[in-house]
Amino acid sequence: SLLVFFVVFILTADYVKNKRPVNFPPGPRMFPIVGNIFSVDRKKMHESITELAQTYGDVYSLRIGQRWMVVINGFEVLKEALITQGDSFADRPDLPLQVDMFQQLGVAFSNGNLWKQQRRFTLSTLKYFGFGKRSLEPSYICAEQVHFSSIYLFNCAGKPFNPHIFLNNIVSNIICLLVFGHRFEYDDEKFKKITKLFEKGLQLEGSIWTQLYDSFPKLMRCLPGPHQTALNIWKNSKNFIHTKVEDHKQNLDPSDPRDYIDCYLNEIQMTKGQADSTFDEDNLVACVLDLFVPGTETTATTLRWAFLYMAKYPEIQEKVQAEIDLVIGLSRQPSMEDRVNMPYTDAVIHEIMRMANIVPLNLPHATSREVQLRGYTIPKGMTVITNLTSVLFDKNEWETPHTFNPGHFLNEEGKFVKRAAFIPFSAGKRVCLGENLARMELFLFFTSFMQHYTFAMPAGVKPVLDYSFGLILPPLDYEICAIPRQK
Ligand code: HEM
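Residues numbered from 1 in each chain as written. Predicted model: local features only at pLDDT ≥ 70, side-chain atom pairs only at ≥ 80, totals over all residues.

Per an unreviewed UniProt entry, the recorded name for the chain is Cytochrome P450 2J2-like, and the organism is Sphaeramia orbicularis. Of the comments in the UniProt record for the chain, the one headed Cofactor (unreviewed entry) reads "heme". According to the UniProt record, the Subcellular location (unreviewed entry) comment for the chain is "Membrane". (UniProt positions renumbered as here; feature names shortened; annotations may be inferred.)

Caption draft 1: Seen up close, the overall build of the chain. On a plain count of helices and strands, the chain comes out with 17 helices and eight strands. Scaling as 2.2 N^0.38, a compact globule of 487 residues should have a C-alpha radius of gyration of about 23 Å, and the chain matches this with 23 Å. Along the three orthogonal principal directions, the C-alpha set of the chain runs to about 80 × 55 × 40 Å. By the burial criterion, 40% of the 487 residues in the chain qualify as buried. Look at the contacts in the chain between residues 6 or more apart in sequence, and 73% of them connect residues 24 or more apart. (Helix = DSSP H or I, 4+ residues; strand = E, 2+ residues; numbered from the N terminus. Rg over C-alpha atoms; globule rule 2.2 N^0.38 Å. Buried ≥ 20, exposed ≤ 12 C-beta atoms within 10 Å, placed from the backbone. Contact = placed C-beta atoms within 7 Å.)

Caption draft 2: Spotlight on the environment of Ile 64. Residue position: Ile 64 is located in strand S1 (residues 59-64). Put simply, Ile 64 and Asp 214 are 150 residues apart on the chain and 9.2 Å apart in space, counted from C-alpha to C-alpha. When sequence neighbours within four positions are dropped, the list of residues in contact with Ile 64 reads Gly 35, Asn 36, Ile 37, Met 69 and Gln 211.

Caption draft 3: Region of interest: the nonpolar core. One finds Ile 72, Val 179 and Val 288 to be the most contacted residues of the largest nonpolar core, which totals 105 residues. The contacts of Ile 72, once residues within four sequence positions are left out, are Asp 58, Val 59, Val 77, Leu 78, Ala 81, Val 384, Ile 385, Thr 386 and Asn 387. Counting six residues, the second-largest nonpolar core is a separate cluster that includes Met 101, Met 220, Ala 230 and Ile 233. (Core = buried A, V, L, I, M, F, W, Y, C linked by C-beta atoms within 7 Å.)

Caption draft 4: Broad picture of the site of the ligand. Within the structure, the ligand sits among 24 residues, and Gly 295, Thr 298, Ser 426, Cys 432 and Gly 434 are positioned closest to it. Elements supplying a minimum of two residues to the shell around the ligand: helix H13 (281-312) and helix H17 (435-452). Element by element, the count of residues in the shell around the ligand is highest for H13, at seven residues. A per-class count over the shell around the ligand returns 14 nonpolar, seven polar and three charged. (Near = placed C-beta within 6 Å. Nonpolar A, V, L, I, M, F, W, Y, C, P; charged D, E, K, R; others polar.)

Caption draft 5: Broad picture of helix H7 (residues 164-180). When the terminal C-alpha atoms of H7 are compared, their 23 Å separation across 17 residues agrees well with the 24 Å that a helix rising 1.5 Å per residue should span. Burial within H7 is extensive, with 15 of its 17 residues counted as buried. Once H7 ends, the next one or two residues include Gly 181, with phi positive near 85 degrees. (Expected span 1.5 Å × (residues − 1).)

Caption draft 6: Broad picture of the pairing of strand S6 (residues 383-386). Because side chains alternate across S6, one face comprises the buried residues Thr 383 and Ile 385, and the other comprises Val 384 and Thr 386, equally buried. Of the pairings in the sheet, the one linking strand S2 (residues 67-72) to S6 comprises four bridges and is parallel in character. Of the residues in S6, the one forming a bridge with Ile 72 is Thr 386. Strand direction decides the pairing type here: strand S3 (residues 365-366) and S6, joined by two bridges, are antiparallel. Paired with His 365 across the strands is Val 384, a residue of S6. (Pairing = 2+ DSSP bridges.)

Here is the structure:
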């Protein structure tokens, strides 16, 4: 009877604690304690979440473990939430694992005044380097990385290779140049260690461990498991950045900032004494992480998809190469000015991003106040999933949503057309801070690779366009051949 009493007590406590808020969006049937954990397939969570909208509507609710969340689907409703009511949906939720990893500092996981100040400063500093110091201009940095990539691809000599680490290296070196003021050699032990850390630190996202941690944080903090490894990874990464900040302090010339860290150290000095200033060294380290982590995996993963799509559709690859030959030729590197003259290549890059859908459920948002959306009431502080998958494949927006079709971005005369529903970088107040840099990197790398190499699968192998689910959707590891176009 004690056991029965205990079970009844737990179920009643669960019912009282997790009562559905008033006028809340509907959702699938729940189990006690775990909520809707079985309503979504964890291996393809974004697909399950998109499918549920057909039964419960574009705005519905889920309870994953002990956490309620509202899921928003389809272009029209996402636009209303992220743009029309942007201020009300601009917060990040206090998910325990993210809070323990990043302490709500920096840009990506912070809120309120702290987030506003850090975001504004980081955006304007990236812009400063974009148009100021020639040696740190992103397109110049990309050109330099293209040079190192050519040596790497040349050495592969058309033999099968796995492009994963190579692409992560060239992309994270761009952030190294902007943030630390120097690039690393690819075989530098420190560089290898830090890029591995950044990659591994994300692996837990979207897994059952994240759900357990976010549902039972007090218990999970005491238990061993991969969540402890992830927490340690971020601690080590922050220590590494702290040593870099110390190095910068030794030879800082305030009148001539060399990179992002120098600019930030200057900002700390300039805002000293201002009561509402949030500029300090802990936030500096967090911001540096916010440039490395979202800035590396995303762009490198998109390029990994790009190789696969080109191998899958050789006739599209040939058309891209024909446009490159016509507009750029072989004797010079591509530059951003070429893009306006290359509508087909631009359309192919956009279509790769749409199909690759690399941040399928967006970063989680939260409401900063009580809001009304499509007749429902969403309480303040509610976790909100803005489902980007449902927009990038919205059948009301795309002619052939599930087929690779560069025509989505071309008009009848073959000119490039922007599409409002193209939102892989999200939209509104939290829109990706690195969007311009990422677009530049993707254009310059993609065109340079296609200029000199044809990408094809090794003999007898078919391209597999499948993913492994996480916060970011990478393709399954593969080998590919980069065949030189001219001897
Ligand atoms: C946020 C996508 C590259 C830095 C985001 C978000 C998405 C995204 C979907 C979440 C937006 C939201 O919460 O509504 C991408 C894609 C990329 C890319 C698809 C490349 C193909 C980059 C790069 C950087 C970067 C290169 C850094 C230089 C950030 C930061 C945030 C962010 C700091 C957080 C913004 C905030 O919370 O205010 N990105 N990103 N991203 N991204 Fe990117």
